[in-house]
Amino acid sequence: MIRGLLARARSLLVGLRRRSQIEAEMLEEFRHHIELRTEHLVRDGLPHHEAARQARLEFGHVETHREDARAARGLRFFDGIRFSMLDVKLGVRMLRKHPWLTLVAVFALAVGIPVGLAPLHLSGVFDAPLPEDPEGRVWALRLWDPVTSSVPAPLYDDYEFWAGELESFGLLGAYRSSTFRVDSDDGRAPPVSGAQVTASTFEILRRAALLGRALLPSDELPGAPDVVVIGHGLWTSRFGADPSLVGRTVRIGGTPHTVVGIMPEGFLFPWSQQLWLPLREEPVASTGRFQGLGVLGRLADGVSVEEAQAEVSAAGRGPSDHRGEERARLQSEVVPFAYSFLGLPRGGLRSLPEYLFFQILALLLLLVACGNVAMLILARTATRFRELSIRGALGAGRARIVSQLFVETLVLSLLAAGFGVFTFGWALGRVDFAGWAGVDTLPYWLSLDVTGRSVLTALVLAILSATVAGVVPAFRITGRNVSDNIRRANAGRSGIRFGGLTGALVVADVGVSVAVVSLAFVLASQMTDAARAARAASIPSEEYLTVELRMPDAELLGGGNSAQQRIVDRFAAVQRTLVERLEGEPGVRSVAVADALPRMDARSRPIELDGVTRSNGSPGWWVRVVRADVGFFAALELPVLDGRDFELGDLDGDATAVIVNTPFVERLLAGRDPIGQRLRFLTAAGNEESPWYQIVGVVGHAGINMVNPASGEAIYLPAAAGAINPLQLGIHASVVPESLIPRVRELVEDVAPDAIMGVPQPLDQVSQGDWYVVLAVAAGLALLVAILMVLVISGIYAMMSFSVSERTREIGVRTALGASRSSLVLTILRRSLLQIVIGALLGMPLAARVFYQLRGGSGAGYATLGAFLLALGLALGTVFLVGLVSCYVPTRRVLAIQPNEALRAEG
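Residues numbered from 1 in each chain as written. Predicted model: local features only at pLDDT ≥ 70, side-chain atom pairs only at ≥ 80, totals over all residues. Heavy atoms only, no water.

Draft legend 1. Quick peek at the overall build of the protein chain. Regarding its fold elements, the protein chain presents 28 helices and 24 strands. Taken across its 907 residues, the protein chain has 49% of its residues classed as buried. Pairs at least 24 apart in sequence give 78% of the contacts found in the protein chain among residues at least 6 apart. Summed over its atoms, the accessible surface of the protein chain is roughly 41,500 Å², and 59% of this surface lies on carbon and sulfur atoms. (Helix = DSSP H or I, 4+ residues; strand = E, 2+ residues; numbered from the N terminus. Buried < 20%, exposed > 50% of the residue type's maximum accessible area, 1.4 Å probe, protein only. Contact = heavy atoms within 4.5 Å. Areas by Shrake-Rupley, 256 points an atom, 1.4 Å probe, with all protein chains shown as cover.)

Draft legend 2. Helix α5 (residues 99-127), seen in detail. Compared with an ideal rise of 1.5 Å per residue, which puts 29 residues at 42 Å, α5 spans 41 Å between its outermost C-alpha atoms and is within 8% of the ideal. Its axis deflected by about 40° at Ala118, α5 carries its strongest bend there, up to four residues before the proline Pro119. (Expected span 1.5 Å × (residues − 1). Bend = angle between axes of the 7 residues up to and from the residue.)

Draft legend 3. Local environment of the environment of Leu130. Counting through the fold element by element, Leu130 comes out in the loop between α5 and β3 (138-144). Taking relative accessible area as the criterion, Leu130 reaches 5% and is therefore assigned buried. The sequence separation of Leu130 and Tyr444 amounts to 314 residues, and the corresponding C-alpha distance is 8.9 Å. If near-sequence neighbours (up to four positions away) are discounted, Leu130 is found in contact with Val138, Leu205, Phe337, Tyr444 and Trp445.

Draft legend 4. Structural context of the pairing of strand β8 (residues 249-252). What you see with β8 is a clean split: Val250 and Ile252 sit on the buried side and Thr249 and Arg251 on the side with no burial. Examined bridge by bridge, β8 and strand β9 (residues 255-262) share 4 bridges and lie antiparallel to one another. Following the sheet pairing, Val250 is matched in β9 by His257. (Pairing = 2+ DSSP bridges.)

Draft legend 5. Molecular detail of the nonpolar core. One finds Phe126, Phe202, Phe269, Trp276, Leu296 and Phe337 to be the most contacted residues of the largest nonpolar core, which totals 34 residues. At the level of secondary structure, the elements contributing two or more residues to this core comprise α5, β3, β5 (191-197), α7 (200-205), β7 (227-230) and α11 (337-342). The contact partners of Phe337, leaving out residues within four places of it in the chain, are Leu130, Ala140, Tyr175, Phe269, Pro270, Leu296 and Trp445. (Core = buried A, V, L, I, M, F, W, Y, C linked by side-chain atoms within 4.5 Å.)

Draft legend 6. Highlighting helix α23 (residues 741-751). Along α23, the residues classified as buried are Ile741, Val744, Leu747, Val748 and Val751. What you see down the axis of α23 is that its buried residues fit within an arc of 125°, all on one side. (Arc of directions from axis to C-beta.)

Draft legend 7. Examining the packing of aromatic side chains more closely. Across all of its chains, the model carries 14 aromatic pairs by this definition. Taking the centre distance of 5.3 Å and the plane angle of 75° together, the rings of Phe632 and Phe633 count as edge-to-face. A relative accessible area of 1% places Phe633 in the buried class. Aromatic pair Phe681 and Tyr693: ring centres 5.6 Å apart, planes at 75°, arrangement edge-to-face. (Phe/Tyr/Trp six-rings, centres within 6.5 Å; stacked < 30°, edge-to-face > 60°.)

Draft legend 8. Examining the pattern of salt bridges more closely. Counted under the stated rule, the structure contains 16 salt bridges. Of the charged contacts, one joins Arg350 and Asp127 as a salt bridge, the two residues approaching to 2.8 Å between their closest N and O atoms. Separated by 223 residues along the polypeptide, Arg350 in the loop between α11 and α12 (353-383) and Asp127 in helix α5 bring together distant segments of the chain. Residue classification places Arg350 among the partly exposed residues on the basis of a relative accessible area of 42%. For Asp127, a relative accessible area of 28% corresponds to the partly exposed category. When the shortest N-O distance is used, the salt bridge between Glu608 and Arg680 registers 2.6 Å. In this pair, Glu608 is assigned in strand β15 (residues 603-609) and Arg680 in strand β19 (residues 678-681), connecting sequence segments 72 residues apart. Residue Glu608 is classed as buried on the basis of its relative accessible area of 15%. When salt bridges that share partners are traced, they join Glu543, Arg589 and Glu637 into one network. (Salt bridge = Lys/Arg side-chain N within 4 Å of Asp/Glu carboxyl O.)

Draft legend 9. Molecular detail of a nonpolar patch on the surface. Taken together, the side chains of Leu414, Leu456, Leu459, Val460, Ile463 and Leu464 present a nonpolar region at the surface, about 500 Å² in accessible area. With 5 residues, the single largest contributor to the nonpolar patch is helix α16 (residues 452-478). Relative to the helices and strands, Val460 is located in helix α16. (Patch = residues over 30% accessible without salt bridge, like charges linked within 9 Å, V, L, I, M, F, W, Y side chains within 5 Å.)

Draft legend 10. Inspection of the confidence of the model for the protein chain at higher detail. For the protein chain, per-residue confidence averages 75 on the pLDDT scale, and 68% of positions sit at 70 or higher. Across the protein chain, β7 holds the top mean pLDDT of 95, while strand β1 (residues 75-76) sits lowest at 44. Below a pLDDT of 50 lies the segment residues 12-17, which in the model reaches 0 contacts outside its immediate sequence neighbourhood of four places, other chains included. Within the model, pLDDT remains below 50 along residues 489-495, and this stretch shows 20 contacts once partners closer than five positions in the same chain are excluded. (pLDDT = per-residue confidence, 0-100.)

Draft legend 11. Structural context of the environment of Met600. Relative to the assigned elements, Met600 resides in the loop between β14 (588-594) and β15. In sequence terms Met600 and Leu763 are 163 residues apart; their C-alpha atoms lie 8.9 Å from each other.

Draft legend 12. Expanded view of the side chain of Ser454. Among the secondary structure elements, Ser454 is positioned in helix α16. Not counting chain neighbours up to four residues away, the residues in contact with Ser454 comprise Leu117 and His121.

What follows is the structure in structure tokens.
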């Protein structure tokens, strides 16, 4: 360490000595050139003193040549422009000299850059390969329905067909996620997320076991011993990282399994799984042969993803074509692994209209931030016009001044970009994205860390901002001759004018501000209207306790063809017994059973109506579907407004009764009589196999969409006991709901000891996933609104202040000639007020477009028309108020100018 310090000190001393030697040699060379020129002029007949003076004038100032020589040792840009470390030092000095400008500029870009980067960064996150596949050779195979824009799960037949026909993939594997009850030798333990996978999956991902082995193809054969591979997290938390676990037996779903391997830390395929069982065909042969299957493969050597897609498309659909014309329309695709989970189209997020909308909005906000910073720096440069003019008169070249201003601005831009990227990374690490997405944890392959591409994009934005804000005004200043610049500088005027570009920036500021402020007010009104949300639920949700109950599907393992029916029958008995005992408890009025209660997220499915066609030609609508028991509406005390309630006969195999809600009738049926109307679901299995259902009743909104009660079309299907797994219990209490939690736990433990029970909570504490999304967007927009207001104030204030200083003599003359204070104020404010008005007028259609997007293009969405009109009025008032405030201080300066002071300012 000491040797290293001595070496660095020696290097520094050598550098200083070399620099001093170069400076001495340079000075000697300058004197030599002056002496040679002096001797030449003396031979021409000039006196020696006159010849020396003339030589010095022709050669120029020594310091000028010394400065140019230093710059010549720096980096070279276009058109001979260079900069050196001296320019960087001057740039840092300017940051300290103008702290408020530095603070505002860094603040603007530190927020604007992350906002601009966010959509691009998010799309790149989903395109990233799996952690086990840095080369990007592992891809997912899936099916895509172009009519419903959905991703139906492949069947086991599809996997076998692809594995036998495709040569583009060296290996193919399949998996199916599930939740398992894992019991160790110590007794019962909480459920664990796991997956049934083919043995080839581990080979595709090229991950070997930490201890023991991974699954083998022989483990998938019928009748093979039951084995399991344990994840590192489960191994350490449940089994104390005991290496002797390999070879021991653990019970999974009541069936003994031999542990054959422990996977290394970080392997959680396909989402956040902690155990892996062999994927076998026969246990679920009676349930559609592995519904919910996922398929992935590793490309063969030398094969590109485009070639693989071409082969997959040419191979067709294989044996699944016999399942109907609708099944045959499905397209086979090769996509990044994340796309198969998230249901994204093949083009990813960038192909979605919503993504394009938010990307444009983010770039507009970033443009506003950069434009305001450019105006601030332009105003600062204008105040240095006299300094720059004198430097030009002393011999500084145009390229020298331009390079200095560019570097000064670049230092500011780089500082802001660095702080912005740091803020972006910090925010990504602090936000609970899993909670917003309604999942326990994000997938292990989803990394939100800032990437090199994001840093590079921020760097490019910083350089572009510095170029616009530093180089453009510098070229304008140095474009005139020296005498003209000196004359203007002595007159207290600059060569810079805020023309069309700066005016356009102000207009853009105001326009975007109107749109964003409108959006923020709309979402804020939606989020804060608690009374509206309570009305949407249609029930006193504070009187209900909700509990999720799931029967473990691991019982399918080794159960034969009757396993599924056995678990349904057993769950039916559990459901009936548990509801009966709960309703007999003191303080319980009724118990409702469904897969989604009011205020909860319900599954959306595409449907078509018999004899009804959408105006855009699409065959159907997406509506929310709830499966409920026959007494669901009676237990919630929700009246049937038209038609009848469900009956026991509706549970027969050929029954087709459904109940819809009022938004369904108003929006899809346009107010027509709903009773007797027919509908059916658009499924990947084909419409020919999908039965027609008949509407027998209508209920109210029932909290299917709390964010916008005017929307949220829903269909209710009757479900027999045991058919819903998992199910939601809605316990209507006549006491405080939380007081029932201990007793509910006891009853569940007694009636279904192997059931997986969720965390009981009052229903009024449950919010739909889109509610959290709107809340997050509203909070983000509130921050952006505050930032935009600061930027609008700073930008308009900078231009107004500079305009006043440039027109000091004009104002003095007008005052001396008797101009009134009101006419002076109007003269100064006229241009700024005009820009504000134009920006507001242009912002109104942009705000309308934002509103239209929120309404889903058809009136269904988060915002109502009344809320939008109110928000637009508030936005216009806010923006005009901010504009007037930004003009207040410069206007006071106008009124304080005395005529004699203004005239003396001309010199």
